[in-house]
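# Structure at a glance
What follows is the residue order along each chain.
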Amino acid sequence: KMAPGDVADAIVAGVGEDSGLFSKLEAVKPQGFINITVGNDYICRGVNKLAQDGLSPPEVKKEKVIVDFSSPNIAKTMHVGHLRSTIIGDSICRLFEFCGHEVLRVNHVGDWGTQFGMLIAHLKSQCP
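Residues numbered from 1 in each chain as written. Predicted model: local features only at pLDDT ≥ 70, side-chain atom pairs only at ≥ 80, totals over all residues. Heavy atoms only, no water.

## Thoughts on the environment of L104
Counting through the fold element by element, L104 comes out in strand β4 (residues 102–108). For L104, the contacting residues outside a window of four places in its chain are V65, I66 and V67. (Helix = DSSP H or I, 4+ residues; strand = E, 2+ residues; numbered from the N terminus. Contact = heavy atoms within 4.5 Å.)

## Side note on helix α3 (residues 84–98)
Relative to the 21 Å expected for 15 residues at 1.5 Å per residue, α3 spans 21 Å between its end C-alpha atoms, a close match to the ideal helical length. Along α3, the residues classified as buried are T86, G89 and C93. Viewed along the axis of α3, the buried residues span an arc of 70°, placing them on a single side of the element. When the buried face of α3 is taken as reference, the exposed residues oriented beyond 90 degrees from it are R84, I87, R94 and L95. At the exit of α3 stands G100, carrying a positive phi of roughly 95°. (Expected span 1.5 Å × (residues − 1). Buried < 20%, exposed > 50% of the residue type's maximum accessible area, 1.4 Å probe, protein only. Arc of directions from axis to C-beta.)

## Considerations on the environment of K76
With respect to the element layout, K76 can be found in the loop between β3 (64–70) and α3. On a C-alpha basis, the gap between K76 and I34 in space is 39 Å, while along the polypeptide they are 42 residues apart.

## Focus: the pairing of strand β1 (residues 22–28)
For β1 and strand β2 (residues 33–38), the ladder comprises six bridges, and the chain directions are antiparallel. What sits directly across from F22, in β2, is V38. (Pairing = 2+ DSSP bridges.)

## Description of the side chain of H101
Of note, H101 is situated in the loop between α3 and β4. Other than its neighbours up to four places away in sequence, H101 contacts V60, K61, K62, E63, V65 and F96.

## Describing the nonpolar core
Within the largest apolar cluster, five residues are counted, these being V65, V67, F69, C93 and V103. Per element, the largest residue contribution to this core is three residues, and it comes from β3. In contact with V65, not counting residues within four places along its chain, are F96, H101, E102, V103 and L104. (Core = buried A, V, L, I, M, F, W, Y, C linked by side-chain atoms within 4.5 Å.)

## A short note on the pattern of salt bridges
A full pass over the atoms with the stated rule returns eight salt bridges. With a closest N to O distance of 3.6 Å, K29 and D6 form a salt bridge. Of this pair, K29 sits in the loop between β1 and β2 while D6 sits in helix α1 (residues 4–15), and the two are 23 residues apart along the sequence. For D6, a relative accessible area of 38% translates into the label partly exposed. Taking the shortest distance from any N to any O, the salt bridge between K29 and D9 comes out at 2.5 Å. Of this pair, K29 sits in the loop between β1 and β2 while D9 sits in helix α1, placing them 20 residues apart in sequence. (Salt bridge = Lys/Arg side-chain N within 4 Å of Asp/Glu carboxyl O.)

## Here's the deal with a nonpolar patch on the surface
A contiguous nonpolar surface patch, about 440 Å² in accessible area, is contributed by I36, V38, Y42, I43 and V47. Elements supplying a minimum of two residues to the nonpolar patch: β2 and α2 (40–53). In terms of residue count, α2 provides more of the nonpolar patch than any other element does, three residues in total. (Patch = residues over 30% accessible without salt bridge, like charges linked within 9 Å, V, L, I, M, F, W, Y side chains within 5 Å. Areas by Shrake-Rupley, 256 points an atom, 1.4 Å probe, with all protein chains shown as cover.)

See below:
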């Protein structure tokens, strides 16, 4: 059994900084986190290759994919945090579509309890 910091040290030593991928790789003790900085040369090579060759989807078997994600909760005050799952869900759908899959977006509106409760209370008061 090893301490988390020692595990991080072992990983850093095993990867090494001469891989060409990282410009900085350091273990954080005692927590065992590893701080990674991707090298500028590696990023530049990747961007240049993308600019020259373009981007094409991987060769995969085309399938029907269902992505279920929620809309903002209409029972709560709207703020940017409500958009997070919708944005993530739509991004996943776009990735699947890029790969050629048939994507079915299932987007549901959450928490109708308050609205139905108010409707039932109104109906009871109007039609006892």
